[in-house]
Amino acid sequence: MSEVNLLDFDLDGLAAFCDGLGEKRFRAQQLFRWVHQRGESDFSRMSDLARPLREKLAGAATVKAPRLLSEQASADGTVKWLFDVGGGDAVETVFIPEDDRGTLCISSQAGCAVGCPFCSTGNQGSRPKPSTTETLGQLWFAEARLRERMSVLPVEAAQSVQGARVISNVVMMGMGEPLQNYSALLPALRVMLDDHAYGLSRRRVTVSTSGVVPMIDRLRDDCPVALAVSLHAPNDALRSDLVPLNRKYPLAELLQACTRYLDTAPRDFITLEYCMLQEVNDTPELALQLVRLVRGLEGDSPALRCKLNLIPFNTFPASGLLRSTSQRVNEFAHVLREAGVVTTVRKTRGDDIAAACGQLAGEVRDRTQVQQRMRREPIRILAAHSGSDAR
Ligand code: SAH
Ligand code: SF4
């Protein structure tokens, strides 16, 4: 019998697996806590499980994160890991410590079919999709590893599980489009939220999407966590160039889906991400158009309760694009704030190890294909899109 990896299961999945071994649900809960709260992978050390069950598990199951290829730590405390997900593909995971939180940025895919031209993952094209094991394995591994690195008390010795955790927030903002790998994503989210596992609140888990409208609705019904939407442009013409999925799900549909999402969302706003690209999407006119868009004054798009997060572009040569100057970013932010739109500018972290979230593993694959695609489809220049009638 081939071994089952327990990192593939949410609690219901594990209960079904235990049922197959003739074990009751509360055993699954115990096992779940061992794996996710204590980070234990050796069944023989799970002391409160009966010996026959430990022996059965040893023959039928395993707890194994994807193979670690490298670990790099930045001077500012950021840590980046690269994991092998088979077939020559790798995914990256980044831990970003801050005063009041520790955020893990997880990858959902080794490449991405959406193909945004400013994203090195998109430029790696569509790759086979990681499973729940690989998605969750990033969290399972990182929590244990960080504890080890930081010499944090093991969970059983700490006051509470929450108090002992190093990772307090998870963002699905690494490589790949999480809503295009939904069957792996959903159990992984459920484990993050489960009190018998990581016990994170819905507000502390964020899914970032380029706008897969039907799946935003699925997530709203199945497991509404915090949502970030990669907007990058305030009109359809420009957005279709920057986020090709916009041709299928244009802005009006996307903003309508965001509004529906707010019905069940754990926060009363949606985060809109906007990657600042010099002379492409960073002018004051486009900032004004963005204000009009989120107020419901552009085309058929509804007004949206949102916060803007401006992301400095992490350059990579094949993109042919440049990072907006800080002056441009500040002017853009000023227009939004003056209009009452809450706006933050993302800090760049881990620069010395190229660990910025959302721009990962670029070095891993050959970029030849990308460069060919870029030559075929150059981004049109700003002038073509700057007017509000460019829809
Ligand atoms: N596919 C999802 C989540 C992964 S990308 C999405 O697109 O939302 C996470 C964030 O990083 C997105 O907002 C994305 O637009 C941004 N991003 C991608 N490449 C980037 C780059 N080179 N510089 C800055 N941000 C980038
Ligand atoms: Fe895919 Fe997101 Fe990168 Fe676009 S930005 S190519 S959707 S990972």
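Since the model is a prediction, treat every value here as computed from it, not as a measurement.

**Student:** How should the environment of Cys-116 be read in this particular structure?
**Tutor:** Structurally, the position occupied by Cys-116 is in the loop between β6 (101–105) and α4 (132–150). Residues in contact with Cys-116, not counting those within four places in the same chain, are Gly-122, Asn-123, Leu-242, Val-243 and Pro-244.

**Student:** Please explain helix α9 (residues 251–261) as it appears in this structure.
**Tutor:** An α-helical segment advances 3.6 residues per turn. Residues three or four places apart therefore align on the same side. Buried within α9 we find Leu-251, Ala-252, Leu-254, Leu-255, Ala-257, Cys-258 and Tyr-261. In this fold, the buried residues of α9 make contact with α7 (213–222), β9 (226–230), α8 (236–242), β10 (270–276) and α10 (284–294).

**Student:** I'm lost on the pattern of salt bridges in this one. Help?
**Tutor:** Pairs can form between side chains of opposite charge once their charged atoms are near each other. By the definition in use, this model includes 20 salt bridges. Among the ionic pairs, Glu-23 bridges to Lys-56, the shortest N-O distance being 3.1 Å. Here Lys-56 lies in helix α3 (residues 51–60) and Glu-23 lies in the loop between α1 (11–20) and α2 (25–36), a separation of 33 residues in the sequence. In this structure Glu-23 comes out as buried when scored by relative accessible area, which is 15%.

**Student:** Which parts of the structure should I look at to understand the pairing of strand β11 (residues 306–312)?
**Tutor:** Remark: a regular strand shows side chains that alternate across the two faces of the sheet. Of all 7 residues making up β11, 6 are buried, and the element is well covered by its neighbours. Direction of pairing for β10 relative to β11: parallel, over a ladder of 7 bridges. Residue pairing across strands places Glu-273 opposite Asn-309, the latter belonging to β11. Relative to strand β12 (residues 343–345), β11 runs parallel, the two being bridged by 3 bridges. Across the sheet, Leu-310 pairs through a bridge with Val-345, a residue of β12. In terms of handedness, the path from β11 via helix α11 (residues 326–338) over to β12 forms a crossover that is right-handed.

**Student:** Teacher, can you tell me more about the site of ligand 2 here?
**Tutor:** Looking at ligand 2, the residues that line it are Cys-112, Val-114, Gly-115, Cys-116, Cys-119, Gly-122, Gly-176, Glu-177 and Ser-210. Classifying every residue of the shell around ligand 2 gives 4 nonpolar, 4 polar and 1 charged.

**Student:** What is the right way to read the pairing of β10 from this model?
**Tutor:** Burial of β10 is extensive: 6 of the 7 residues sit out of reach of the surface. Sheet topology note: the β9/β10 ladder contains 3 bridges and is parallel. Residue pairing for β10: Ser-230 is matched across the bridge by Glu-273. Where the polypeptide runs from β10 across α10 and back to β11, its parallel neighbour, the crossover connection is right-handed.

**Student:** When you look at the packing of α10 against α11 in this model, what are you seeing that I'm missing?
**Tutor:** When two helices pack together, you describe them by how their axes are tilted relative to each other and by the distance separating the axes. Across the interface, α10 lies against α11 with an axial gap of 9 Å and an inter-helix angle of 30°. Judged by the inter-axis angle, α10 sits roughly parallel to α11. Crossing of α10 over α11 shows right-handed handedness. Residues Pro-284, Leu-286, Ala-287, Leu-288, Leu-290 and Val-291 of α10 touch α11, and the partners they reach there are Phe-332, Val-335 and Leu-336. Taken together, the residues of the contact of α10 with α11 break down into 9 nonpolar, no polar and no charged.

**Student:** In this structure, what is going on with the packing of aromatic side chains? I would like to understand it.
**Tutor:** Applying the stated criterion across every chain yields a total of 5 aromatic pairs. Ring centres of Trp-81 and Phe-141 lie 6.2 Å apart, and the angle between their planes is 80°; this geometry places the pair in the edge-to-face category. Taken together, the residues span a long stretch of sequence, with Trp-81 in strand β4 (residues 79–86) and Phe-141 in helix α4 at a distance of 60 residues. In this structure, Trp-81 and Phe-141 share a single accessibility class: buried. Among the aromatic residues, those joined into a cluster by ring pairs are Trp-81, Phe-83 and Phe-141. Seen from the ring of Trp-34, Arg-38 lies directly overhead, with NZ or CZ sitting 4.2 Å from the centre. Across the ring face of Phe-269, the terminal group of Lys-307 is positioned such that the distance to the ring centre comes to 4.2 Å.

**Student:** Help me understand the sheet that holds β6, please; the structure alone is not making it clear to me.
**Tutor:** In a beta sheet, neighbouring strands are held together by backbone hydrogen bonds and run either parallel or antiparallel to one another. A sheet is described by the order of its strands in space; here 10 strands give the open sequence β3-β4-β5-β6-β7-β8-β9-β10-β11-β12, paired in mixed fashion. The open sheet has two edge strands, β3 (67–73) and β12, and neither has a second partner. Neighbour-to-neighbour, the strand axes of the sheet open up by a mean angle of 20°, direction not taken into account. Against the sheet, helix α6 (residues 182–193) touches β7 (169–172) and β8 (205–209), its axis set at about 155° to β8.

Conventions we followed
- Residues numbered from 1 in each chain as written.
- Chains lettered and ligands numbered in written order.
- Predicted model: local features only at pLDDT ≥ 70, side-chain atom pairs only at ≥ 80, totals over all residues.
- Heavy atoms only, no water.
- Helix = DSSP H or I, 4+ residues; strand = E, 2+ residues; numbered from the N terminus.
- Contact = heavy atoms within 4.5 Å.
- Buried < 20%, exposed > 50% of the residue type's maximum accessible area, 1.4 Å probe, protein only.
- Salt bridge = Lys/Arg side-chain N within 4 Å of Asp/Glu carboxyl O.
- Pairing = 2+ DSSP bridges.
- Right-handed = clockwise from strand over helix to strand, strands pointing away.
- Near = heavy atom within 4 Å.
- Nonpolar A, V, L, I, M, F, W, Y, C, P; charged D, E, K, R; others polar.
- Axes fitted to C-alpha atoms, helices over the stretch in contact; angles between N-to-C directions.
- Parallel < 35°, antiparallel > 145°, perpendicular 65-115°, else oblique.
- Left-handed = near helix turned anticlockwise from the far one by under 90°.
- Phe/Tyr/Trp six-rings, centres within 6.5 Å; stacked < 30°, edge-to-face > 60°.
- Lys NZ or Arg CZ within 6 Å of the ring centre and 35° of its normal.

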